[in-house]
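Overview (structure and organization)
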Amino acid sequence: LYTDRKNVGWLLSGYAFFALIFLQIERMINDYGGYHLGVATSFMVQCTHLCTFAWDYADGTIPEEKRSSEQKKYAIDKCPSIIEFFAAALNPPQSFSGPSSNFMDFKNCIFRVGDFANIPSTLIPTLIRLSAGLGWCLFFVIANTYFPTNLLYSKFFTDANLFAKLFYFSIVAMAARGKYYVSWAMADTGIIASGLGYNGEDPVTKKPKFDRIYGIDTVSYTHLTPPTTSLAQISVDA
């Protein structure tokens, strides 16, 4: 199938959209409520990589003087080799649970140029994020042992007063989310360690920041109630 390069973003986004619909409907028909490993989850993660790459590649057709600041930074002027493409699309931290980085960020990080020319030591930030992941893992194991999801269906919960129900529900919900926090934090560990998460220096403290891309801001997500605000804290690409 041949298409003009400037249309590749629309073409791939449309393909990804309808392919995901098909996979999700197929899952609901054949494994509704089940826990079998399916291709839909990993495909969703790859869709973010592929669609981002497609739009950046299409932006490469725009004349330099007409590009926005973002397009100047991320537009792909020359089609990368197959090895470069799959290295960016399938690098473990991002393929594990997201988030997605732009191809040019990945390439610049590999060659240590541009924003990634002088990446400071990533040891301490990596250990901090790793500790957060291990902490959430420990919390999930303990909380899920004493506050399992089926507690909400028990007579004990039904007979409890309102304040006790709110307390139990909050702990159960937090425990259920904990396993996802673990996967995001562990993926972030790899992103930070590789330098891909480096985002320059804080203008106030002058300390290096490693929040260019990350899976989730657990503190903000936990304490922000509006759905649109909470969703903005997941799979962040700064």
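No experiment lies behind these values; they were computed from the predicted model shown. (Residues numbered from 1 in each chain as written. Predicted model: local features only at pLDDT ≥ 70, side-chain atom pairs only at ≥ 80, totals over all residues. Heavy atoms only, no water.)

With respect to the secondary-structure elements, Asn108 resides in helix H6 (residues 103–111). Residue Asn108 is classed as buried on the basis of its relative accessible area of 19%. (Helix = DSSP H or I, 4+ residues; strand = E, 2+ residues; numbered from the N terminus. Buried < 20%, exposed > 50% of the residue type's maximum accessible area, 1.4 Å probe, protein only.)

Summed over the entire model, instances satisfying the criterion amount to 13 aromatic pairs. Judged by centre distance (5.2 Å) and plane angle (75 degrees), the ring pair of Phe85 and Phe86 falls under edge-to-face. Judged by its relative accessible area of 41%, Phe86 falls in the partly exposed class. Through successive ring pairs, a cluster of aromatic residues spans Phe53, Tyr57, Phe85, Phe86 and Phe103. The side chain of Arg5 reaches across the aromatic face of Tyr57, ending 3.8 Å from its centre. (Phe/Tyr/Trp six-rings, centres within 6.5 Å; stacked < 30°, edge-to-face > 60°. Lys NZ or Arg CZ within 6 Å of the ring centre and 35° of its normal.)

It is at 10 Å that the axes of helix H2 (residues 39–59) and helix H4 (residues 82–89) come closest, and there the two elements cross at 135 degrees. Regarding the angle of H2 to H4, the classification is oblique. Contact residues: H2 offers Gln46, His49, Leu50 and Phe53, while H4 offers Phe85, Ala88 and Ala89. (Axes fitted to C-alpha atoms, helices over the stretch in contact; angles between N-to-C directions. Parallel < 35°, antiparallel > 145°, perpendicular 65-115°, else oblique. Contact = heavy atoms within 4.5 Å.)

Inspection of the entire model under this criterion finds eight salt bridges. A salt bridge links Arg212 to Asp115; its shortest N-O distance comes to 3.4 Å. Highlighted residues: Arg212 in the loop between helix H9 (162–194) and strand S1 (213–216) and Asp115 in the loop between H6 and helix H7 (123–146), separated in sequence by 97 residues. Overall, Arg212 belongs to the buried group, its relative accessible area being 5%. Judged by its relative accessible area of 38%, Asp115 is partly exposed. For Arg129, the salt bridge is made with Asp188, and the minimal N-O distance between the two is 2.7 Å. Highlighted residues: Arg129 in helix H7 and Asp188 in helix H9, separated in sequence by 59 residues. Exposure class is identical for Arg129 and Asp188. Each is buried. (Salt bridge = Lys/Arg side-chain N within 4 Å of Asp/Glu carboxyl O.)

What follows is about the environment of Met186. Note that Met186 resides in helix H9. We classify Met186 as partly exposed; its relative accessible area is 29%. Once residues lying within four places of it in the same chain are set aside, the contact partners of Met186 are Leu130, Gly133 and Leu134.

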